[in-house]
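Structure assessment
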Amino acid sequence: MEETMMNLPTQNNGDHSKEVIDEEDAKAASKIWDYVFGFTDMALIKCAIDLGIPDLIEKNGGSISLSELSSSLSCSTPHLYRIMRYLVHKNIFNQKKTSQNNLFYSQTPLSRRLLSNGKNSMVPLLLLETSPTMLAPWLALSKRVLQENGSAFDAVHGEDVWSFSAENLEHSRLINDAMACDARIVIPRVIEECPDLFKGVCSVVDVGGGDGTTLSMLVKGFSWIKGINFDLPHVIDANLVACQGVEHVSGDMFKLVPKADVAIIKWVLHDWGDEECIKILKNCKEAIPKDKGKVIILEGVLEEETNDKLESARMMLDMVMMAHTTNGKERTLKEWNYVIMEAGFSRINVTRIHAVQSVIEAFP
Ligand SMILES: C[S@@+](CC[C@H](N)C(=O)[O-])C[C@H]1O[C@@H](n2cnc3c(N)ncnc32)[C@H](O)[C@@H]1O
């Protein structure tokens, strides 16, 4: 009742501010439902992936009828219809109705990113972020804020994400697959937009390199480099795919980083607080030659004022770090400069690329 009245022209023609407040309030009354049921979008995307709907549409030549879809899935048509109606409403799929009232679904640029083997597939990242292990800490975020040394992940799982992964190899595999998925998105941007990054470089160590996807792509893009993929033992011992030109080495980056001309470190430092970052960066500096070495950091750089459409992803990632790590965070340029200089580097060079991450070169 109240909301209907708010949409009516105001009785008080002279009071413009009241009209604005009424309009804002009316917007809020509908917007608030996005937050009340905010989880629906993520859950429905996961549902579409779990059912393999984007893959089925692709296998069917790019378009599929509701009845074909429900018979392929051997599932209830009314339920499937409602799921597809929601996903069409959210512009995830396109829908066409024939003159006989048959419904056909086809892909959009968004649903193509939900293909299991698509070029820009985000499926492994979605599966990690929608796993019960990663969702649970979000509900304990306030504990993280209220306790001085609290961690939402620890509060729920009793240990940090890396110890948890060492004991739960299925979760470790989810993380590795998600990171490999991100590498497939960002590394082609690095290769294309920074062609001189590895000029004159013979060897590269990828610190916290996960399953080695980053290095395997870099040694293909820059064929003259040899790579060392360095990560914790439970990651390296997990039957990693062999790649010519890449050696897998296990160890602890807080103790020692294997020697190479260049150390690259992607989406690792944002998992840690400043003191830990300084320690890791000092070990990276020890690993490279003083005269011609450098550390390449692939991380987001937060900006206060920007029109970059990916800034929202960086802001969300900062909250992800709060939920999933103990002291991790996304950093501004000033904050990156601080940890890099504290680790003893003399200068940095930042290159923005078309990705969530930037390329930060740190020179001894
Ligand atoms: C967020 S993942 C990033 C993986 C990869 N760099 C990428 O972005 O594709 C962080 C990586 O750091 C590794 N890591 C955590 N603690 C480590 C340590 N003490 N020594 C070496 N690696 C570590 C994890 O096992 C994990 O593979």
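Before going into details, it helps to say that this report is about the structure given with it. (Residues numbered from 1 in each chain as written. Predicted model: local features only at pLDDT ≥ 70, side-chain atom pairs only at ≥ 80, totals over all residues. Heavy atoms only, no water.)

**Here we look at unusual backbone geometry**
A negative phi holds for most residues other than glycine; trans holds for most peptide bonds. Not every positive phi belongs to a glycine, and Ser74 is a case in point at roughly 45°. Relative to the assigned elements, Ser74 resides in the loop between α5 (66-73) and α6 (77-89). Its identity is not glycine, yet Asn91 carries a phi of approximately 60°, on the positive side. When its relative accessible area of 55% is taken as the criterion, Asn91 is described as exposed. (Helix = DSSP H or I, 4+ residues; strand = E, 2+ residues; numbered from the N terminus. Buried < 20%, exposed > 50% of the residue type's maximum accessible area, 1.4 Å probe, protein only.)

**A look at the nonpolar core**
Ranked by size, the top nonpolar core spans 29 residues in total, and within it Val207, Leu281, Val295 and Ile340 carry the most contacts. Every element with two or more residues in this core is listed here: β4 (203-207), β5 (226-231), β7 (262-266), α16 (274-287), β8 (294-299), α18 (333-342) and β12 (358-363). If you tally residues by element for this core, the top one is α16, at 6 residues. Non-local contacts of Val207, meaning those with residues more than four positions away in its chain, are made with Phe230, Met253, Val257, Ala263, Ile264, Ile265, Val268 and Cys284. By size, the runner-up hydrophobic cluster in this structure holds 22 residues, among which are Val190, Cys194, Ile264 and Val359. (Core = buried A, V, L, I, M, F, W, Y, C linked by side-chain atoms within 4.5 Å. Contact = heavy atoms within 4.5 Å.)

**Observations concerning the sheet that holds β4**
Spatial ordering of the open sheet is given by β6-β5-β4-β7-β8-β12-β11, a layout of 7 strands whose pairing is mixed. The sheet is open, and its two borders are formed by β6 (246-250) and β11 (347-352), each paired with just one other strand. Along the sheet, successive strands turn relative to each other by an average axial angle of 20°, direction set aside. In terms of strand pairing, β7 meets β8 through 5 bridges, oriented parallel. Considered in β8, the bridge of Val262 is made with Lys294. Its contacts with the sheet place helix α14 (residues 213-221) against β4, β5, β6 and β7, and it is angled at close to 175° to β5. Those strands touched by α18 are β8, β11 and β12, and its axis lies near 145° from that of β11. (Pairing = 2+ DSSP bridges. Axes fitted to C-alpha atoms, helices over the stretch in contact; angles between N-to-C directions.)

**Describing the environment of Leu218**
Looking at the secondary structure, you find Leu218 in helix α14. Separated by 92 residues in the primary sequence, Leu218 and Leu310 have C-alpha atoms spaced 24 Å apart. With residues up to four places along the chain from it excluded, the contact list for Leu218 reads Ile187, Ile191, Phe198, Ile225 and Ile264.

**Examining α14**
Considered for burial, the residues of α14 that qualify are Thr213, Thr214, Leu215, Ser216, Leu218 and Val219. Contacts from the buried residues of α14 go to α13 (169-193), β4, β5, β6 and β7.

**Here's the deal with the pattern of salt bridges**
If charged atoms from side chains of opposite charge come close, those side chains can pair. Counting across every chain of the model gives 16 salt bridges. For Lys90, the salt bridge goes to Asp41, with nearest N and O atoms at 3.6 Å. Placement of the pair is Lys90 in the loop between α6 and β2 (93-97) and Asp41 in helix α3 (residues 39-51), with a sequence separation of 49 residues. Residue Asp41 is classed as partly exposed on the basis of its relative accessible area of 33%. A salt bridge links Arg173 to Asp177, with the shortest nitrogen-to-oxygen separation between them at 2.8 Å. Highlighted residues: Arg173 and Asp177, both in helix α13, separated by 4 residues, approximately one helical turn. (Salt bridge = Lys/Arg side-chain N within 4 Å of Asp/Glu carboxyl O.)

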